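Per-entry structural report
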Amino acid sequence: MSARDSLTEYRRKRDFSRTREPRGGAARPGDEPVFVVQIHDARTMHFDFRLEVDGTLKSWAVPKGPSADPHDKRLAMPTEDHPMEYREFEGVIAAGEYGGGTVIVWDEGGYRNLSKDRVGREIPFAEALREGHASFWLDGAKLHGGYALTRFHEGDGEAWLLVKRDDAAAGRSGAPSNPARARSVRSGRTLRQVESDAVGPS
Ligand code: MN
């Protein structure tokens, strides 16, 4: 599936005359693939974990966010592919629109594919995801080291687990337990500050 086709669901869910989220379409030239973790204060607070794969952002909603502790298994529910530009999005999605609520970019950076098949041969990242088990190394401002995403339920209600690998970066820094106090890696703002900036000075 091309990056263009994979955004059909993303666009169908949104009215771009009512949201400032990007429509998407511009490919990102570059070398190292990127990841982004956004905090989304929607109906329920959650983290959105996104990895660049073949020109789009593969996305999972992670209620508790990525942990730095290899013993934590964090539930990750797949969501529709998002356009590359979405990694820069912070702002307020209007109430009543799809995903209505406030978004900040909590962490971002590059990642490296560590995925291997059963006999230890490297496999392409997209293939690893299709197979339901992908390993990768994050070089973020906050998140570091190896992580794995593993699908444990297919079909309706597809679900994955996001787990920190046990390495030197384990225990260093994971998602905050109180996202309301977390700050954007891009602007230093909290969710509240992004919200009040969107309304403008009163
Ligand atoms: Mn979300």
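Data block above holds the structure.
Residues numbered from 1 in each chain as written. Predicted model: local features only at pLDDT ≥ 70, side-chain atom pairs only at ≥ 80, totals over all residues. Heavy atoms only, no water.

**What to know about the overall build of the protein chain**
The test is simple: For the purposes of this entry, the term helix denotes a DSSP run of H or I that reaches at least four residues, the term strand denotes a run of E that reaches at least two, and both are numbered from the N terminus. The globule rule is 2.2 Å times the number of residues to the power 0.38, and the radius of gyration it is compared with is taken over C-alpha atoms. Accessibility here uses a 1.4 Å probe with only protein chains present; expressed as a share of the type maximum, an area under 20% marks a residue as buried, one over 50% as exposed, and anything in between as partly exposed. Two residues qualify as a contact provided that any one of their heavy atoms is within 4.5 Å of a heavy atom in the partner residue. The method behind every accessible area is Shrake-Rupley, applied with a 1.4 Å probe, and residues are considered shielded solely by the protein chains displayed.
Broken down by element type, the protein chain carries four helices and nine strands. Start at the N end of the protein chain and walk to the C end: the helices and strands fall as α-α-β-β-β-β-β-β-α-β-β-β-α. A compact globule built from 202 residues should have a C-alpha radius of gyration of about 17 Å, and the protein chain, at 17 Å, falls within 12% of that. Overall size of the protein chain, expressed as C-alpha extent along the three principal axes, is 60 × 40 × 35 Å. Expressed as a percentage of the 202 residues in the protein chain, the buried residues total 44%. At a minimum sequence separation of 6, the contacts of the protein chain that also span at least 24 residues come to 57%. Here the protein chain displays about 10,800 Å² of accessible surface, and carbon together with sulfur accounts for 47% of that area.

**So, the packing of aromatic side chains**
As a reminder, the rule being used: In summary, the pairing rule links any two rings of Phe, Tyr or Trp, Trp by its six-membered ring, whose centres are within 6.5 Å, and it sorts them by plane angle into stacked for under 30 degrees, edge-to-face for over 60 and tilted for everything else. Counting as a charge over the ring demands two things of the Lys NZ or Arg CZ atom: a distance within 6 Å of the ring centre and an angle within 35 degrees of the ring normal.
Going through the model one piece at a time under the given rule, you end up with 11 aromatic pairs. Taking the centre distance of 6.1 Å and the plane angle of 40 degrees together, the rings of Tyr10 and Phe16 count as tilted. A residue is classified by how much of its surface remains accessible, and Phe16, at 24% relative accessible area, is partly exposed. With a centroid separation of 6.5 Å and an interplanar angle of 35 degrees, the aromatic rings of Phe35 and Phe49 are classed as tilted. You can see Phe35 sitting in strand β1 (residues 34-41) and its partner Phe49 sitting in strand β2 (residues 45-53), a full 14 residues away along the chain. Phe35 gets classed as buried once you look at its relative accessible area, which sits at 1%. Site record: aromatic cluster; members linked through ring pairs are Phe35, Phe49, Tyr111, Phe125, Phe136 and Tyr147. When the ring centre of Tyr147 is taken as reference, the NZ or CZ atom of Lys164 above it lies at 5.1 Å.

**A closer look at the environment of Val37**
Topologically, Val37 is positioned in strand β1. Sequence separation between Val37 and Ala175 is 138 residues, and the spatial gap between their C-alpha atoms is 9.4 Å. Apart from residues no more than four positions distant in its own chain, Val37 is found in contact with Phe47, Asp48, Phe49, Pro66, Ile104, Val105, Trp106, Asp107 and Leu143.

**A short note on the pairing of strand β8 (residues 144-153)**
Using the following cut-off: Pairs of strands are assigned from DSSP output, requiring at least two bridges between the strands.
The sheet contact formed by strand β7 (residues 133-140) and β8 spans seven bridges and is antiparallel. Residue pairing for β8: Phe136 is matched across the bridge by Tyr147. The loop that links β7 with its antiparallel partner β8 comprises three residues. In this structure, β8 lies alongside strand β9 (residues 159-164), joined through six bridges in antiparallel fashion. Bridging from a neighbouring strand, Tyr147 pairs with Lys164 of β9. Between the antiparallel neighbours β8 and β9 lie five residues, among them Gly155 with a positive phi of about 75 degrees.

**Structural notes on the environment of Arg50**
So the rule is basically this: Pairs of N or O atoms are called polar contacts if they sit within 3.5 Å, as long as, within protein, a hydrogen donor faces a hydrogen acceptor (for residues adjacent in sequence, only side-chain-to-side-chain pairs).
Within the secondary structure, Arg50 is located in strand β2. In sequence terms Arg50 and Phe35 are 15 residues apart; their C-alpha atoms lie 5.5 Å from each other. Leave out the neighbours within four places in its chain, and Arg50 touches Val34, Phe35, Val36, Gln38, Leu57, Lys58, Ser59, Thr79, His82 and Tyr86. Engagement of the side chain of Arg50 in a polar contact is seen with the side chain of His82, the distance being 3.4 Å.

**Some details on the pairing of β1**
Here β1 lies mainly inside the structure; seven of its eight residues are buried. Looking at chain direction, β1 and strand β6 (residues 101-113) are connected through eight bridges and run antiparallel. By the bridge assignment for β6, Phe35 is matched with Gly109. Where β1 folds back on β2, the antiparallel hairpin that results is connected by three residues.

Take it as geometry only, folks, not as evidence of what the structure does.
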